[in-house]
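Structural features, examined
Below are the chains, spelled out letter by letter.
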Amino acid sequence: MPVREGVPALLSTGALCAALLLTGCAVTAPSAPVVPAAITGDARPEPAQGAPGRRAALPAPRLPGIGPVTQALVPDGTTQVLVVTGATADSSTSTAVLYERGPQGRWTLTGGPWSAHNALRGWTSDHSAGDLRTPIGVFRLGDAGGRLPDPGARLPYDQDEQFAISGTGFGGEPLEGSFDHVIAIDYNRVPGRTPLDKERPLGDRKGGGVWIHVDHGGPTQACVALDRESLRGLLRALDPVREPVVVMGPAPELAL
């Protein structure tokens, strides 16, 4: 029974949940304002470096656990980031947390931590279809959908019976209901379309259909899976005005 999932790449490295357990299932932070060295129009001489009264530029606050290399991939306009981390590159279990950036540029935890599953074989920075690994990187979150009615999502939501799925997962667990609600991760897909869209800008070999979907109790093909109520809460929280992204991968790599 064919299973459809989401579609283009966004901002970073990685590749993903091609066809969920039957096909494939498979965000970045802004820098804080820099303090100006002198006020425009101030005719007084600028203090010598290190002299009292000089205000040094403050470093931009980073997302907890995220290093400068990964942080640099988060778009400047993004003020909402879902961070999904696995303990190791081969881990199929992970933890998801939602952060929001306030007016002062600091990141505050606003959701989670939530237990999650990712792909059976863990993570990869070079995803290809069928590798059973979840792409590492920073990806836009802009489109949602599912078999069930919209639970109050702010993202565009496509309700469609084609999100139905059957069969069993890697541990023999039933997959039914896994796509009752999904959020498309913009890995190798065209933004602004239903998660069911099949166009793959990077080509079919790079996989696609990487979503955040309802956890069926085991590893995925490439997607990230959250328990039903956590996913419904995330759908209600993600705000397109905040340009949300997901930052995902093994914790040691995201800390770089």
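1. Brief notes about the overall build of the protein
When its secondary structure is counted, the protein shows 3 helices and 11 strands. The linear arrangement of helices and strands in the protein, starting from the amino end, is α-β-β-β-β-β-β-β-β-β-β-α-β-α. Here the protein, with 256 residues, has 52% of them falling under the buried criterion.

2. Some words on the pairing of strand S2 (residues 93-101)
With 7 of its 9 residues buried, S2 lies for the most part within the structure. Note that strand S1 (residues 80-86) and S2 share 7 bridges and pair antiparallel. Residue pairing in the sheet places Gln80 in a bridge with Glu100 of S2. As paired elements, S2 and strand S3 (residues 107-117) share 8 bridges and run antiparallel to each other.

3. Overview of helix H2 (residues 228-237)
Within the sequence span of H2, burial applies to Ser230, Leu231, Leu234 and Leu235. All buried residues of H2 fall inside an arc of 140° around its axis, so they share one side. Capping of H2 at its N-terminal end is provided by Asp227; its side-chain oxygen lies 3.2 Å from the backbone amide nitrogen of Glu229.

4. Points about the packing of aromatic side chains
The relative placement of two aromatic rings is captured by the distance of their centres and the angle of their planes. Inspection of every chain in the model, using the stated rule, returns 3 aromatic pairs. Considering the side-chain rings of Phe163 and Trp211, the 5.6 Å spacing of their centres and the 50° angle between planes classify their relative orientation as tilted. With Phe163 in the loop between strand S7 (157-159) and strand S8 (182-185) and Trp211 in strand S9 (residues 211-214), this pair connects stretches of sequence that are 48 residues apart. A relative accessible area of 0% means that Trp211 is categorised as buried. On the numbers, 4.9 Å between centres and 75° between planes, the contact of Phe179 with Trp211 is edge-to-face. In this pair, Phe179 is assigned in the loop between S7 and S8 and Trp211 in strand S9, connecting sequence segments 32 residues apart. Grouping residues by exposure puts Phe179 and Trp211 together as buried.

5. Topic: the environment of Thr108
Topologically, Thr108 is positioned in strand S3. By relative accessible area, which is 46% here, Thr108 ends up partly exposed. Sequence-wise, Thr108 and Pro64 are 44 residues apart; in three dimensions their C-alpha atoms are separated by 9.2 Å. Among all residues touching Thr108, those that are not within four sequence positions of it are Leu98, Tyr99 and Glu100.

6. Overview of the nonpolar core
Core analysis: the biggest nonpolar cluster contains 41 residues, and Leu82, Ile183, Ile212 and Leu234 have the highest contact counts within it. Setting aside its immediate chain neighbours within four residues, Ile183 contacts Leu141, Asp143, Ala144, Leu155, Val210, Trp211, Ile212, Leu231, Leu234, Leu235 and Leu238. Counting residues in hydrophobic clusters, the runner-up holds 9 residues, among them Val182, Leu196, Trp211 and Cys223.

7. Considerations on the environment of Thr85
Take Thr85: it is sitting in strand S1. Considering only alpha carbons, one finds Thr85 and Pro252, 167 residues apart in sequence, at a separation of 9.0 Å.

8. Structural notes on the pattern of salt bridges
For the structure on display, the rule yields 13 salt bridges. Salt-bridge contacts for Arg242 lead to Glu100; the nearest nitrogen and oxygen are separated by 3.6 Å. Linking Arg242 in the loop between H2 and strand S11 (245-250) with Glu100 in strand S2, this pair joins segments that are 142 residues apart in sequence. The closest approach of N and O atoms between Asp197 and Arg193, which form a salt bridge, is 3.3 Å. A relative accessible area of 32% places Arg193 in the partly exposed class.

9. Focus on the environment of Ala96
With respect to the helices and strands, the residue Ala96 is situated in strand S2. Since its relative accessible area comes to 0%, Ala96 is described here as buried. Spatially, the C-alpha atom of Ala96 lies 9.7 Å from that of Val247, the residues being 151 residues apart in sequence. Those residues in contact with Ala96, other than ones at most four positions away along the chain, are Leu82, Val83, Val84, Gly112, Pro113, Trp114 and Leu226.

10. Describing the confidence of the model for the protein
When pLDDT is averaged across the protein, the result is 84; 77% of the residues are at 70 or more. Note on residues 1-23: pLDDT is under 50 here. Beyond four places in sequence and across chains, it has 159 contacts. The low-confidence segment residues 26-52 (pLDDT under 50) makes 65 contacts with residues lying over four places distant or belonging to another chain.

Scoring rules and cut-offs
- Residues numbered from 1 in each chain as written.
- Predicted model: local features only at pLDDT ≥ 70, side-chain atom pairs only at ≥ 80, totals over all residues.
- Heavy atoms only, no water.
- Helix = DSSP H or I, 4+ residues; strand = E, 2+ residues; numbered from the N terminus.
- Buried < 20%, exposed > 50% of the residue type's maximum accessible area, 1.4 Å probe, protein only.
- Pairing = 2+ DSSP bridges.
- Arc of directions from axis to C-beta.
- Polar contact = N/O pair within 3.5 Å; in protein donor to acceptor, adjacent residues only side chain to side chain.
- Phe/Tyr/Trp six-rings, centres within 6.5 Å; stacked < 30°, edge-to-face > 60°.
- Contact = heavy atoms within 4.5 Å.
- Core = buried A, V, L, I, M, F, W, Y, C linked by side-chain atoms within 4.5 Å.
- Salt bridge = Lys/Arg side-chain N within 4 Å of Asp/Glu carboxyl O.
- pLDDT = per-residue confidence, 0-100.

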